[in-house]
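Survey of secondary and tertiary structure
One letter stands for each residue in the lines below.
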Amino acid sequence: VHDKDGLPRIILTEPTGSSAEVLLYGGQVVSWKNERREELLFMSSKSFWKPPKAIRGGIPVCFPQFGNLGLLEQHGFARNRFWSLDEDASPLPPANNQSTVDLILKSTEEDIKAWPRGFELRLRISISPGKLTLIPRVRNVDNKAFSFMFALRNYLSVSDISEVRVEGLETLDYFDYLMNKERFTEQADAITFDGEIDRVYLSTPTKIAIIDHEKKRTFELRKDGMPDSVVWNPWDKKAKALPDMGVDGYKTMLCVDSAAIENPIVLKPFEEWRGRQELSTVSSSYCSGQ
Ligand code: TA6
């Protein structure tokens, strides 16, 4: 673990040369580079990098609330807390290499004031060639049941948002945050972008493809235990209202999240929920010339 601008971070590496950077602050992945050292995640040049502000980019963890769907601060508090290295990640196999790190956030007195539940939130982050895997777990260490929402907010780096297509969400229902959270059904055969979008797609398939023609790159998002997927881009007007987004940041980012929102996860005492997300990149040579 080493510090940069005062924030302790872990560097993950794997033999083919890809790497990731993880902050103890927020348990947040803030960089994922492929073997050609290209940055695959969006990080706003205006991020504050200063607790208790959230860092705008990488993969913030939204827990125990998503968005403003509850009484807590926006997206809950996990992304605004300092996590620690988890010395005991069982029953997951021991992480005995430099490509994996296990983090933990336990409920504190402070948090219990705002959200009176005893929890242990664990996150395993590991990289392998062309893939970044996150395994979140939440254990109820209280004597009463509780429910929570959860999301991994994947800020993907794209060459130009107007050249991106998302496949795998067609025909699904979604809540549209821009239309008073009303429920609609997706008609298009793929989602393309020409303005602000803020939707929670429901019961999504296990695989979603995000195709960036200009970069000849396709991201594939595979997930378990998180049935919903949020698709968000603020576009120009909303981006201007976000001090840490930078005026043009929205043109080179797209959030496609793994989430459990429509049906919050319920845990009985000492039960543990486990999710899984795999982000991989496929360099799509076939799309050249299209
Ligand atoms: O996508 C849901 C959402 O709440 C949007 O409405 C927008 O506020 C976005 O998340 C960003 O939230 P943040 O707290 O990261 O600025």
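In the nomenclature of an unreviewed UniProt entry, the protein is known as glucose-6-phosphate 1-epimerase of Citrus clementina. Taken from UniProt, the Sequence similarities (unreviewed entry) comment for the protein reads in full: "Belongs to the glucose-6-phosphate 1-epimerase family." Recorded in UniProt for the protein, the comment headed Catalytic activity (unreviewed entry) runs: "alpha-D-glucose 6-phosphate = beta-D-glucose 6-phosphate".

Digging into the pattern of salt bridges
Applying the stated criterion to the full structure yields 26 salt bridges. Between R81 and D111 there is a salt bridge, and its shortest N-O distance comes to 2.7 Å. Of the two residues, R81 is situated in the loop between β5 (61-62) and β6 (84-85) and D111 in helix α1 (residues 109-114); the sequence distance between them amounts to 30 residues. A relative accessible area of 1% means that D111 is categorised as buried. Taken together, the shared-partner salt bridges in this structure form one network comprising E35, R36, E38 and R217.

Some words on the sheet that holds strand β14 (residues 182-185)
If you walk across this open sheet you meet the six strands as β11-β20-β19-β16-β13-β14, and the pairing is antiparallel. The open sheet terminates on both sides in strands that have one partner only, identified here as β11 (155-157) and β14. Each strand of the sheet is rotated relative to its neighbour by a mean of 30°, with strand direction disregarded. Relative to strand β16 (residues 197-201), strand β13 (residues 173-176) runs antiparallel, the two being bridged by three bridges. Its bridge partner being in β16, F175 is matched across the sheet by V200.

Thoughts on the pairing of strand β8 (residues 119-128)
The buried fraction of β8 amounts to nine of the 10 residues, a majority that puts the element mostly inside the structure. Bridge count for strand β7 (residues 100-106) against β8 is seven bridges, and the pairing is antiparallel. In the strand pairing of β8, D102 is matched with R124. Across 10 bridges, β8 lies against strand β9 (residues 131-140) in antiparallel orientation. Note on β9: the bridge partner recorded for S128 is K131.

A look at the pairing of strand β20 (residues 253-256)
With burial as the criterion, each face of β20 is covered, one bearing M253 and C255 and the other bearing L254 and V256. Note: β11 against β20, three bridges, orientation antiparallel. Considered in β20, the bridge of Y155 is made with C255. Where strand β19 (residues 229-233) meets β20, two bridges bridge the pair, whose relative direction is antiparallel. Along β20, the bridge assignment pairs V231 with V256.

Here's the deal with the UniProt feature "binding site: substrate" (unreviewed entry) in the protein
Cross-referencing UniProt, the feature "binding site: substrate" (unreviewed entry) maps to R56, Q74 and R79 in the present numbering. A maximum C-alpha distance of 13.2 Å among these annotated residues, which run over 24 residues, shows that they cluster at one spot. You can see R56 is positioned in the loop between β4 (29-33) and β5. Assignment of secondary structure puts Q74 in the loop between β5 and β6. On the basis of relative accessible area, Q74 is assigned to the partly exposed category, the value being 43%. Q74 has contacts with Q65, G67, N68 and R79, leaving out every residue within four places of it along the chain.

Brief notes about the packing of aromatic side chains
Within this structure, the stated rule accounts for 19 aromatic pairs. Both rings, one in W115 and one in F146, keep their centres 5.2 Å apart while their planes meet at 65°; by these two values the pair is edge-to-face. Placement of W115 in the loop between α1 and β8 and of F146 in strand β10 (residues 146-152) is noted, with a sequence separation of 31 residues between them. With respect to class, W115 is no different from F146; both count as buried. Chaining the aromatic ring pairs together yields one cluster made of F63, F77, W115, F119, F146, F148, F150 and W273. Over the aromatic face of Y177 sits the side chain of K181, whose NZ or CZ is 5.0 Å from the ring centroid.

The rules behind these values
- Residues numbered from 1 in each chain as written.
- Predicted model: local features only at pLDDT ≥ 70, side-chain atom pairs only at ≥ 80, totals over all residues.
- Heavy atoms only, no water.
- UniProt positions renumbered as here; feature names shortened; annotations may be inferred.
- Salt bridge = Lys/Arg side-chain N within 4 Å of Asp/Glu carboxyl O.
- Helix = DSSP H or I, 4+ residues; strand = E, 2+ residues; numbered from the N terminus.
- Buried < 20%, exposed > 50% of the residue type's maximum accessible area, 1.4 Å probe, protein only.
- Pairing = 2+ DSSP bridges.
- Axes fitted to C-alpha atoms, helices over the stretch in contact; angles between N-to-C directions.
- Contact = heavy atoms within 4.5 Å.
- Phe/Tyr/Trp six-rings, centres within 6.5 Å; stacked < 30°, edge-to-face > 60°.
- Lys NZ or Arg CZ within 6 Å of the ring centre and 35° of its normal.

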